[in-house]
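Reading the structure
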Amino acid sequence: MDVTQNKAVLNEFNLPPEDYNAKGQVRVLRKRVLKKLFKYEFKAIFPTLWIVIGILTAVTALTVCSMIFKGDDASLILPIILYAYSVLAVTLTPIILAGSRYSKNFFKSQGYLTFSIPASAEEHIFAKHVTALLGLVVSLIATFISVIIVLVTATILFDFGGAGGGEGVVAPMEMDFLTILEMIVDAILSPIVLVCAIGAVECWEQKFTKKRQIFFRILIAYFVISALGTALAAFASSDLIEFFYTPLGAHLYAWFSNLFLVGVIVFCVWYELRTFKKKLNLK
């Protein structure tokens, strides 16, 4: 964007002079623009998410009451089915909303308005991903609390394994500091990978104008994944897999896995930026 274009933006959006750098270009990651983007992302995702979490809370209470005042096992079938669907809905809601907004705001008719806002591609991606990640974290926390409540209630009421004299109970796994750190890093990276992958997939999908193009590429991806799965199964049956049951092998596997997740995040963000800057195709 040159100085002349920036003057046009200044006249249209009434941007103050401090929003420009020495070359007359709009500054990247301005706090005021980011606040606007976050505001509308939160308004689009979280009201629906709170409703779904409220439904999960009500179904959790219904499930607990059904276990407390149960007449027979058949009376628990419907509450458990409703509870399973509620947990699934809470988990999928932020993912579905994030993917839907990503497509509508960037690649549909709304994209013309979105990219007329004086914000960079980095700002748009940052706002989308952080909001989706926060929504996913909130949904996972709500699901975790709900599952704990149901499991504790079931354990108290039904006394699972109480008559077995402790037989079959799995001993707690001994974990050192490095193992705990690896688990924490994996728990942090996994949701970020999911959120970034949603954006990358939306960018990839919008390139195809015909549905059959997407179908054939998904089919090819399925065969590639199947081949990789077969190769991994063959590797798992070999003697080399025994190395990963050793402490050193387990730590190496964990850190290679985390490095792979970091690589996926970097690739997804790079692909999104590349799409916005070079391959954007608004419908």
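Residues numbered from 1 in each chain as written. Predicted model: local features only at pLDDT ≥ 70, side-chain atom pairs only at ≥ 80, totals over all residues. Heavy atoms only, no water.

**What about the pattern of salt bridges?**
Applying the stated rule across the entire model yields two salt bridges. For E41, the salt bridge identified is with R101, shortest N-O distance 2.9 Å. On the criterion of sequence distance, the pair formed by E41 in helix α2 (residues 31–68) and R101 in helix α3 (residues 77–107) is long-range, its members being 60 residues apart. We classify E41 as buried; its relative accessible area is 6%. (Salt bridge = Lys/Arg side-chain N within 4 Å of Asp/Glu carboxyl O. Helix = DSSP H or I, 4+ residues; strand = E, 2+ residues; numbered from the N terminus. Buried < 20%, exposed > 50% of the residue type's maximum accessible area, 1.4 Å probe, protein only.)

**A word on the confidence of the model for the chain**
Per-residue confidence for the chain gives a mean pLDDT of 76, with 69% of residues at or over 70. Within the chain, the element-level pLDDT minimum falls on helix α1 (residues 3–13), averaging 47, and the maximum on helix α5 (residues 121–158), averaging 89. This stretch, residues 1–7, has a pLDDT under 50; its non-local contacts, to residues over four places away or in other chains, come to 10 contacts. Counted against residues more than four places away or in other chains, residues 163–173, with its pLDDT under 50, gives zero contacts. (pLDDT = per-residue confidence, 0-100. Contact = heavy atoms within 4.5 Å.)

**Some remarks on a nonpolar patch on the surface**
A surface patch of nonpolar side chains, about 1,100 Å² in accessible area, is lined by I68, F69, V137, I141, F144, I145, I148, I149, V152, I156 and L157. The element best represented in the nonpolar patch is α5, accounting for nine residues. Position of I156 relative to the elements: it lies in helix α5. (Patch = residues over 30% accessible without salt bridge, like charges linked within 9 Å, V, L, I, M, F, W, Y side chains within 5 Å. Areas by Shrake-Rupley, 256 points an atom, 1.4 Å probe, with all protein chains shown as cover.)

**Overview of the packing of aromatic side chains**
One pass over the structure, following the stated rule, counts 12 aromatic pairs. Between F267 and Y271 the ring centres are 6.1 Å apart and the planes differ by 20°, which places this aromatic pair in the stacked class. In this pair, F267 and Y271 are both assigned in helix α8 (residues 247–278), four residues apart and thus about one turn of the helix distant. Accessibility expressed as a relative area gives 49% for F267, which makes it partly exposed. Among the aromatic residues, those joined into a ring-pair cluster are F38, F42, F46, W50 and F126. Seen from the ring of F106, K128 lies directly overhead, with NZ or CZ sitting 5.2 Å from the centre. (Phe/Tyr/Trp six-rings, centres within 6.5 Å; stacked < 30°, edge-to-face > 60°. Lys NZ or Arg CZ within 6 Å of the ring centre and 35° of its normal.)

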